[in-house]
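Residue-level structure breakdown
Listed below are the residues making up each chain.
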Amino acid sequence: MSTPPNRRILLIDDTPSIHEDFRKILTPEAQHTAELDDMEAALFGSEAKPAATLFELDSAYGGQEGLSKLLQAMEEQRPYALAFVDMRMPQGWDGAETIEHLWKEDPRLQVVVCTAYSDHSWDELLERLQARDRLLILKKPFDNIEVQQMANTLTSKWDMTQRASVQLDQLGHLVERRTQQYRQASVDLQQEIDERKLLESQLVQSEKLASLGQLAAGVAHEINNPIGFISSNLGALDGYFKQLQEMLDAYLDAEEAIGSSELIARLKALRERIELDFLRDDIPQLIKESKDGIARVGQIVKDLKDFSRVDPTQEWQWANLQHGIDSTLNIVANEIKYKADVVKLYQPLPDVECLPSQINQVVMNLIVNAAQAIGPERGTITLSNGLEGEKVWIEVADTGSGIEPHSLQKIFDPFFTTKPVGQGTGLGLSLSYGIVKKHRGEISVRSEVGVGTTFRIELPLRQSKPAA
Ligand SMILES: Nc1ncnc2c1ncn2[C@@H]1O[C@H](COP(=O)(O)OP(=O)(O)O)[C@@H](O)[C@H]1O
Ligand SMILES: [Mg+2]
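Predicted model, so just to flag it, every value in this text is computed and none were measured.

With that settled, consider the site of ligand 1. Around ligand 1, 20 residues are found, and the nearest of them are T417, T418, K419, T425 and L429. Between ligand 1 and T418 there is a distance of 2.4 Å, counted from an oxygen atom to a side-chain nitrogen or oxygen. Separating an oxygen atom of ligand 1 from a side-chain N or O atom of K419 is a distance of 2.7 Å. Contact with the protein chains covers 94% of the free accessible surface of ligand 1, which is 530 Å². With three residues, helix 11 (residues 356-373) is the single largest residue contributor to the shell around ligand 1.

Under the defined criterion, the tally for this structure stands at 25 salt bridges. With its nearest N and O atoms 3.2 Å apart, the salt bridge here joins D238 to K291. You can see D238 sitting in helix 6 (residues 144-255) and its partner K291 sitting in helix 8 (residues 276-307), a full 53 residues away along the chain. Here K291 falls in the partly exposed class, since its relative accessible area comes to 32%. For K437, the salt bridge is made with E442, and the minimal N-O distance between the two is 3.4 Å. A relative accessible area of 34% places K437 in the partly exposed class.

Turning our attention to the nonpolar core. One finds L321, I336, I367 and I381 to be the most contacted residues of the largest nonpolar core, which totals 36 residues. Counting residues per element, the ones that place at least two in this core are helix 9 (321-331), strand 8 (352-354), helix 11, strand 9 (379-388), strand 10 (391-398), helix 13 (428-438) and strand 12 (452-460). Looking at which element gives the most residues to this core, the answer is helix 11, with nine residues. Counting 25 residues, the second largest nonpolar core, distinct from the first, contains L67, V111, L126 and A131.

Do not read the fine detail of predicted coordinates wherever pLDDT is low. Per-residue pLDDT for the chain has a mean of 87; in total, 89% of the residues score no lower than 70. Across the chain, strand 12 holds the top mean pLDDT of 98, while helix 2 (residues 30-44) sits lowest at 58. For residues 48-52, every residue scores under 50 in pLDDT, and the model assigns this stretch five contacts once sequence neighbours within four places are set aside.

The α-helix advances 3.6 residues per turn, and as a result positions three or four apart in sequence lie on the same side. Under the 1.5 Å per step criterion, the end-to-end length of helix 7 (residues 261-273) is 18 Å for 13 residues, consistent within 8% with the ideal 18 Å. Where helix 7 terminates, the next one or two residues include E275, which has phi positive at roughly 50°.

Attention now goes to the sheet that holds strand 2 (residues 56-60). Strands sit in the order 2-1-3-4-5 across an open sheet of five strands; the sheet is parallel. Both outer strands of the open sheet, strand 2 and strand 5 (135-139), are each paired with one neighbouring strand and no more. Sheet twist, expressed as the mean angle between neighbouring strand axes with direction ignored, is 20°. The pairing of strand 4 (residues 110-115) with strand 5 spans five bridges and is classified as parallel. Counted as the bridge partner of T115 is K139 from strand 5. The sheet strands contacting helix 4 (residues 95-105) are strand 1 (8-12), strand 3 (82-86), strand 4 and strand 5, and the helix crosses strand 3 at an angle near 155°.

One pass over the structure, following the stated rule, counts four aromatic pairs. Relative to F84, the ring of F22 lies with its centre 4.9 Å away and its plane at 65°, an arrangement referred to as edge-to-face. One end of the pair, F22, is in helix 1 (residues 16-26); the other, F84, is in strand 3, and 62 residues separate them in sequence. Each of the two residues, F22 as well as F84, counts as buried. The structure contains a cluster of three or more aromatic residues connected by ring pairs, namely F22, F84 and F142. For R134, the ring lying beneath its charged end belongs to W103, and the centroid distance is 4.4 Å.

Cut-offs used in this document
- Residues numbered from 1 in each chain as written.
- Chains lettered and ligands numbered in written order.
- Predicted model: local features only at pLDDT ≥ 70, side-chain atom pairs only at ≥ 80, totals over all residues.
- Heavy atoms only, no water.
- Near = heavy atom within 4 Å.
- Polar contact = N/O pair within 3.5 Å; in protein donor to acceptor, adjacent residues only side chain to side chain.
- Areas by Shrake-Rupley, 256 points an atom, 1.4 Å probe, with all protein chains shown as cover.
- Helix = DSSP H or I, 4+ residues; strand = E, 2+ residues; numbered from the N terminus.
- Salt bridge = Lys/Arg side-chain N within 4 Å of Asp/Glu carboxyl O.
- Buried < 20%, exposed > 50% of the residue type's maximum accessible area, 1.4 Å probe, protein only.
- Core = buried A, V, L, I, M, F, W, Y, C linked by side-chain atoms within 4.5 Å.
- pLDDT = per-residue confidence, 0-100.
- Contact = heavy atoms within 4.5 Å.
- Expected span 1.5 Å × (residues − 1).
- Pairing = 2+ DSSP bridges.
- Axes fitted to C-alpha atoms, helices over the stretch in contact; angles between N-to-C directions.
- Phe/Tyr/Trp six-rings, centres within 6.5 Å; stacked < 30°, edge-to-face > 60°.
- Lys NZ or Arg CZ within 6 Å of the ring centre and 35° of its normal.

This is the structure in structure tokens:
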């Protein structure tokens, strides 16, 4: 960027003849040049300019006028490079005061103080102006060539200083930009580190779930075997006891035929001692309870197996979501039973193409969250579902604490939890979100503080092409 050199000079002096002298020294051909310019412009177009740059001299006859000229020049973006300032001006500001004002507005201005020998104590003046590097002293009477050289040198100095400061500015901008880039890079890096950490922890979490699932499946398998023979034995026991009852009845009938009254009395005493009537009532009762109990154990084991079904190949399968919800509900029954009643509003659902154990995981997270949001008063958890076009939906609604509006947008963020350490990891909903997204579904929430919260999942019936 090359701007033309600044040759603008301001002369501040109260003596008009001095202005004449300066004009002769600094713009010797101004008149002539102006005429020439016009002629050249007429001949060659307005671009034509004389080769030599002359000074442009403005006059002010007092300090205040000088200042207003300087301000105007600055406003027009045509600052002066140099000012000659007379030291002694009886009216208004003297030279020193004028210079102070000028520098306050434009510190770049180079200044020559014009003075008679005896005008001032120099030390005092320099002390007062505190800018020895912008100030020269020209003693009267002047020498023409001295004035010319001062003007040449100082306007050039102004240009160089200006250029240096522009470059410094550019350098500053460059440094600022680089710094900005480094800052951004470090932010990006930190973000990447955070994402990696998160992925790792999700991996750990899903590893944990997978191994837990495997464990549960193994235990379920082991328990299944004894459950099988216990329930079949109970069935047999039931049958045998019925036969024994028949036999007992036959013995009772036969008692009348016994001749020995002593034997009859002994049998009666024995019957009373063992409370035979009670046993006959109670034993079938016990067998029935045991059968029920073992059936329940069987159901739990089955649920556990369903729930933790390890999908090592992550295979998409067609599954009935209601079965999944019910077995999940059984698994978490203990968490819920002292806190809430469960209401089911089911509608018939077609099978859905999904990763069943993962959907179960989502439902479990929602039910556990619902139960944890309820308390101390007993509440209600309502599970509903339905079909809408090509989508099924599941809702888990609770009458719990509700979620504050400012938390609402953060609940799906990993590690966001409002629960005490040990109770909440803040991962449940973020994992659930990931699972639902993997199914090309939606998870949404409505909540009112003090009233309750409803989570809704929508899943497409079929995966046109399951997400990886
Ligand atoms: N049903 C709900 N009622 C009220 N707040 C809930 C409910 N479900 C989730 N939240 C809020 O969302 C947060 C994140 O839930 P989640 O990701 O499951 O992590 P965690 O349960 O470990 O805190 C919870 O700490 C809680 O503040
Ligand atoms: Mg949770």
